Amino acid sequence: MIFSTIHLHKNLLIAIYGIFSLLIIASLVSILLSRFNPKQDFTELRQRIKTWWIIAGIFIFTLVLNKNLSLIFFSFVSFLALKEYLSLIPTRRSDRRVLFWAYLAIPIQYYWIGISWYGMFIIFIPVYVFLFLPFRMFLSGETDGFLRSSGTLHWGLMITVFCLSHAAYLLALNPAGNPNGGGAGLLLYLIFLTEMNDVSQYVWGKLFGKTKAISKISPNKTLEGFIGGLLTTTLLAVALAKLLTPLSLIHSIMAGLLIAMSGFIGDIVISALKRDLGVKDSGTALPGHGGILDRIDSLIYTAPLFFHYIAYLYY
Amino acid sequence: MNAFLRLLFFVLIVRPLVLIVLGMNVRNLNRLPQDGPVIVVANHNSHLDTLILMSLFPLRLLYKIQPVAAEDYFLSNKLLGWFALNIIRIIPINRGDAIPMEQKLKNVSVALAEGNIIILFPEGSRGEPERLSKFKSGVSFLAEQNQDIPIVPVFIHGAGQSLPKGDWLLVPFFCDVFIGERLEWPENRESFMTQLDLRMKSLAAEGRFPAWE
């Protein structure tokens, strides 16, 4: 059945309560901040937190309801991210139909996850779509900018669809592999740690940031922020491992380090893309955050790396 | 009945299409008047332009919105004509030269007098995608006759890529919408056209979009 509800594990419920408690605390802090510093403008912070409520609300709602709804949610995120990417980069007029096929790859990719066909999921975009799009491109007969177009299009599909869909594939893993909440537990663990890493990096950087980490690409990234994020994320990874994952202590430390470091890299890679295109934010879809790509930049790296890490160790 | 069908069409099809399938980045929405009468003047590359502009206003104002559209195109067959007149609620306009301008625009002035929101594409036709063609002077007659009514220029980018003229396949791109400050009546029609032209070009330049070849 397509819309059968999954049984909600009690550990998931605890994690979800935790997430909403954190959001309530964040909202209260932002209200108190603007109460006690009326001169300073906290509009962006408050908008940011409000958007967090909406993202977390939809994500957790679909996660709790059932797997297919979650897959639809993730495919929608992929769609928005790909659309944002294609609207930012220069595309050719003759490629309109090629781009249509690229969009079509999204539901197909998530369908493989829906039927848990791992072999197809893992080669569909890197092999079949990779070979098909340039073929469809030469049918329209335009050779000027052929390499640039096929290259940029495939890069976009890899980050917005292929990489991101690894997070969703956690839901298709054998539930027996994780007695603590199954795939949903792992997904919650991955998303929570990735986003907390972003937040804590930002907060540590604001509080103690002095040494610029990579001023050429992203002037706001500091070494102190990165290390603060690394420690926070690793601590959280250890603390939550028993609740949501099958990870042992040493494995959870490594998972925390992996997510913190790859999340940082994902963030910088998307910053480099934006810098190349001459934009500050990738869009305006998420008030207070920027565009979709601004929000999922870290996840693009953490999702496939965490997926293969956990799959290698436990599945 | 038709008003209900119209609302249904906009709630179930147009808004999801414009807000979710395409997605809009709107700059300076506050420059748009909260109510009619107003003339919204925009560049025209795609059928989507009309739907995008109509989605800028809240649904409670939907009954007041009327795009001005070519009679020869939209009333060319019965079904399209019914749809254009009752669902989109266009004000048909004759594009030929035989009729004097005042008479062509009579229905538009009537609608403005009723306090309606008029959408007008002075390029006269959907041009080449993502290119601005020369504005026709009809809009300046309208401005002269309705000097107290705000005229708001809007520049749209992305709709021409999503659904260009002569193509049926929609390929979604985010659409950028730049709303300009209202135009003041500058005494004569020539300087009005110059002013409109400059305003549109400066709105177009705000986006710095790569050329679409």
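Placed above this text is the structure.
Conventions adopted
- Residues numbered from 1 in each chain as written.
- Chains lettered and ligands numbered in written order.
- Predicted model: local features only at pLDDT ≥ 70, side-chain atom pairs only at ≥ 80, totals over all residues.
- Heavy atoms only, no water.
- Axes fitted to C-alpha atoms, helices over the stretch in contact; angles between N-to-C directions.
- Helix = DSSP H or I, 4+ residues; strand = E, 2+ residues; numbered from the N terminus.
- Parallel < 35°, antiparallel > 145°, perpendicular 65-115°, else oblique.
- Left-handed = near helix turned anticlockwise from the far one by under 90°.
- Contact = heavy atoms within 4.5 Å.
- Nonpolar A, V, L, I, M, F, W, Y, C, P; charged D, E, K, R; others polar.
- Salt bridge = Lys/Arg side-chain N within 4 Å of Asp/Glu carboxyl O.
- Buried < 20%, exposed > 50% of the residue type's maximum accessible area, 1.4 Å probe, protein only.

Quick word on the packing of helix 7 (residues 182–208) of chain A against helix 10 (residues 292–314) of chain A
Residue and element names in this part refer to chain A.
For step 1, the next point in the chain: Relative to each other, helix 7 and helix 10 sit at 140 degrees, their axes nearing to 10 Å. Our classification of the angle between helix 7 and helix 10 gives oblique. Judged by the twist between their axes, the crossing of helix 7 over helix 10 is right-handed. Each of L186, Y189, L190, I191, T194, E195 and D198 in helix 7 lies in contact with helix 10, whose residues at this interface are R295, D297, S298, L299, T302, A303, F306 and I310.
For step 2, the next point in the chain: Taken together, the residues of the contact of helix 7 with helix 10 sort by class into 8 nonpolar, 3 polar and 4 charged.

Section: the pattern of salt bridges
For step 1, the next point in the chain: Going through the model one piece at a time under the given rule, you end up with 15 salt bridges over all chains.
For step 2, the next point in the chain: Note that A:E195 is salt-bridged to A:R295, the shortest N-O span being 3.1 Å. Separated by 100 residues along the polypeptide, A:E195 in helix 7 and A:R295 in helix 10 bring together distant segments of the chain.
For step 3, the next point in the chain: Take A:E195: its relative accessible area is 11%, and that puts it in the buried class.
For step 4, the next point in the chain: Judged by relative accessible area, A:R295 falls into the buried class, the value being 9%.
For step 5, the next point in the chain: Salt-bridge contacts for B:R95 lead to B:D72; the nearest nitrogen and oxygen are separated by 2.9 Å. With a gap of 23 residues between them, B:R95 in the loop between strand 4 (91–93) and helix 5 (101–104) and B:D72 in helix 3 (residues 71–74) connect regions that are remote in the sequence.
For step 6, the next point in the chain: For B:D72, a relative accessible area of 46% gives the class partly exposed.
For step 7, the next point in the chain: Because the salt bridges share partners, they merge into one network encompassing A:R96, A:R97 and B:D167.

A word on unusual backbone geometry
Residues and elements named next belong to chain B.
For step 1, the next point in the chain: At the junction of G36 and P37, the peptide bond is cis and its omega measures out at 0 degrees in the coordinates.
For step 2, the next point in the chain: Examined against the element boundaries, P37 turns out to sit in the loop between strand 1 (24–27) and strand 2 (38–42).
For step 3, the next point in the chain: Positive phi is not limited to glycine here, since N28 has a value of about 60 degrees.
For step 4, the next point in the chain: As for its placement among the helices and strands, N28 is situated in the loop between strand 1 and strand 2.
For step 5, the next point in the chain: In this structure, E187 is a non-glycine residue whose phi angle is positive, near 85 degrees.
For step 6, the next point in the chain: Residue placement: E187 occurs in the loop between strand 7 (175–179) and helix 9 (189–205).

Such coordinate-based values are descriptive only and should not be taken to indicate function.
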